[in-house]
Amino acid sequence: MGFPAYGNVVPYAGSDALWSPQSSGRVATTMTSAPNVYTHGHHESVLRSHRWRTAENSAAYLLPHLAPGASLLDVGCGPGTITVDLAAQVAPGRVTAVEITGEALRLARAEAAARGQDNIDFAVADVHSLDFPDDTFDVVHAHQVLQHVADPVGALREMRRVCRPGGIVAARDSDYSAFTWFPLLPELDEWRTLYQRAARANGGEPDAGRRLLSWARAAGFGEVTATAGTWCFATPEDRRWWGGMWAARILQSDLARQLVGAGTPEDDLRRLSAGWQRWAAAPDGWLAILHGEIICRA
Ligand SMILES: C[S@@+](CC[C@H](N)C(=O)[O-])C[C@H]1O[C@@H](n2cnc3c(N)ncnc32)[C@H](O)[C@@H]1O
């Protein structure tokens with residue numbers, strides 16, 4: 001099966017029964033030479049996963065470094081549930097939430113408004129070329145973003161540029177090859193292989209977690225604390241949620257559109273979706289996700 005560079009031209013060749021264009025993850029920015037393609041897009045099935053995230057379950061490694069009054073930049077804030085938590089931590093300091101498109105940014109705005117968090121400013125920006133002066137923020141944060149960008153080392157350099165000297169640049173990314181699960185369903189292995197190919201064809205690196213420390217070193221950071229964190233889904237409720245979410249994502253998200261565009265038969269995606277449902281229904285089903293984390297002193 002061929003995998004074209006999704007950032008170039010990928011005609012959607014599947015049926016609308018599989019994928020409905022609620023949003024497009026294909027964004028050609030004017031700021032970088034390589035088009036930026038966010039593999040997952042912002043379909044409801046993707047947002048279901050992002051909106052579960054909190055500062056506690058996704059940024060615990062950063063929380064001890066936050067103090068009231070700090071200014072914080074949240075790069076690639078997505079639907080903003082973590083952003084709003086971080087804003088509560090640093091209030092009366094201000095948070096700036098950045099996304100690559102206005103459409104994605106609207107999701108975060110809506111989250112902040114719904115939760116009455118009013119110390120957040122919003123801006124459309126590309127992490128490769130942030131439209132802020134040098135030394136602007138005390139803390140610059142990115143959760144699950146560097147794995148999707150064309151130049152993660154350049155992105156970390158840019159995050160450092162806008163961070164004040166002595167401030168903190170923090171990033172956390174999962175590592176798809178380190179996902180582990182039971183039962184050993186072949187459909188889940190196939191799902192991972194397809195996802196990794198698609199993410200790489202979009203210029204990303206799905207095994208980012210293990211690389212964060214080396215990217216930080218390459219970006220010129222001297223003082224870096226590297227740790228690991230996990231998510232684990234093993235209760236019937238968690239399995240239903242995670243398995244049901246991926247059963248839908250593999251059929252309906254931008255990823256599905258890209259896979260079909262690259263020649264994956266729709267029947268294969270239906271089979272993988274059923275595999276996720278099978279995992280969710282397994283009484284001994286267990287799945288863990290490993291994340292790399294870095295705290296870098298600017
Ligand atoms: C996996 S989501 C993470 C969202 C949020 N940080 C969270 O963890 O819930 C990655 C986000 O990064 C954004 N993104 C992708 N490339 C970007 C870039 N070059 N600059 C800024 N944001 C980007 C995507 O639009 C997407 O919303």
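Quick summary incoming for the structure in this document. (Residues numbered from 1 in each chain as written. Predicted model: local features only at pLDDT ≥ 70, side-chain atom pairs only at ≥ 80, totals over all residues.)

1. What to know about the overall build of the protein chain
Looking only at helices and strands, one finds 10 helices and 10 strands in the protein chain. Residues counted as buried form 47% of the 298 residues belonging to the protein chain. For the protein chain, restricting intrachain contacts to residue pairs at least 6 apart in sequence, the fraction spanning at least 24 positions comes to 77%. (Helix = DSSP H or I, 4+ residues; strand = E, 2+ residues; numbered from the N terminus. Buried ≥ 20, exposed ≤ 12 C-beta atoms within 10 Å, placed from the backbone. Contact = placed C-beta atoms within 7 Å.)

2. So, the nonpolar core
The biggest cluster of nonpolar side chains holds 53 residues, and the ones touching the most others in it are V140, L146, M159 and V169. Excluding residues within four positions of it along the chain, L146 makes contact with P152, A155, A171, D173, A208, L212 and W215. Core analysis: the second largest hydrophobic core is formed by 25 residues, F233, L251, A256 and L287 among them. (Core = buried A, V, L, I, M, F, W, Y, C linked by C-beta atoms within 7 Å.)

3. Examining helix α9 (residues 254–261)
When you tally the buried positions in α9, you get seven out of eight residues, the bulk of the element. Among all positions of α9, only D254, L255, A256, R257, Q258, L259 and V260 are buried. Looking at the residues trailing α9, positive phi occurs at G263, about 110 degrees.

4. Some points on the site of the ligand
Near the ligand you find 21 residues, and of these G76, G78, V127, H143 and Q144 are the closest. Each residue belonging to the shell around the ligand can be placed in one class, and the counts come to 10 nonpolar, eight polar and three charged. (Near = placed C-beta within 6 Å. Nonpolar A, V, L, I, M, F, W, Y, C, P; charged D, E, K, R; others polar.)

5. A few points about the environment of A198
Examined against the element boundaries, A198 turns out to sit in helix α6 (residues 186–201). Sequence-wise, A198 and T39 are 159 residues apart; in three dimensions their C-alpha atoms are separated by 7.3 Å.

6. Notes on the packing of helix α8 (residues 236–252) against helix α10 (residues 266–281)
Running from N to C, α8 and α10 point in directions that differ by 180 degrees, and their axes come no closer than 8 Å. The angle between α8 and α10 places the two elements in the roughly antiparallel class. Of α10, the residues touching α8 (which contributes R239, R240, G243, G244, W246, A247, I250 and L251) are L269, R270, L272, S273, W276, Q277, W279 and A280. Residue composition of the contact of α8 with α10, by class: nine nonpolar, four polar and three charged. (Axes fitted to C-alpha atoms, helices over the stretch in contact; angles between N-to-C directions. Parallel < 35°, antiparallel > 145°, perpendicular 65-115°, else oblique.)

7. What about the environment of A248?
Within the secondary structure, A248 sits in helix α8. A tally of 19 C-beta atoms within 10 Å means that A248 is categorised as partly exposed. Once the C-alpha coordinates of A248 and E44 are considered, the two residues, 204 residues apart in sequence, prove to be 9.2 Å apart.

8. Considerations on α10
Under the 1.5 Å per step criterion, the end-to-end length of α10 is 23 Å for 16 residues, consistent within 8% with the ideal 22 Å. Residues of α10 that are buried: L269, L272, S273, G275, W276, W279 and A280. Angular distribution of buried residues about the axis of α10 spans 150 degrees; they occupy a single face of the element. Turned more than 90 degrees from where α10 packs its buried face, D267 and A281 sit exposed. Contacts from the buried residues of α10 go to β8 (180–182), α6, α8 and α9. (Expected span 1.5 Å × (residues − 1). Arc of directions from axis to C-beta.)

9. A few points about unusual backbone geometry
Negative phi values dominate among residues other than glycine, just as trans dominates among peptide bonds. Geometrically, the link from A91 to P92 is a cis peptide bond, its omega value of 5 degrees lying close to zero. Residue placement: P92 occurs in the loop between α3 (81–90) and β4 (95–99). Despite not being glycine, D135 shows a phi value in the positive range, around 60 degrees. Summarising the element assignment, D135 is placed in the loop between β5 (120–124) and β6 (137–143). By the C-beta count within 10 Å, which is 15 here, D135 ends up partly exposed.

10. Digging into the pairing of strand β7 (residues 163–174)
Across the 12 residues of β7, nine count as buried, placing the element largely inside the fold. Bridge count between β6 and β7: six bridges; the pairing is parallel. Paired with A142 across the bridge in β7 is A171. The handedness of the β6 to β7 crossover, carried by helix α5 (residues 152–161), is right-handed. Summarising the sheet, β7 and strand β10 (residues 286–297) pair through seven bridges and their orientation is antiparallel. Pairing of A171 across the sheet is with I294, part of β10. (Pairing = 2+ DSSP bridges. Right-handed = clockwise from strand over helix to strand, strands pointing away.)

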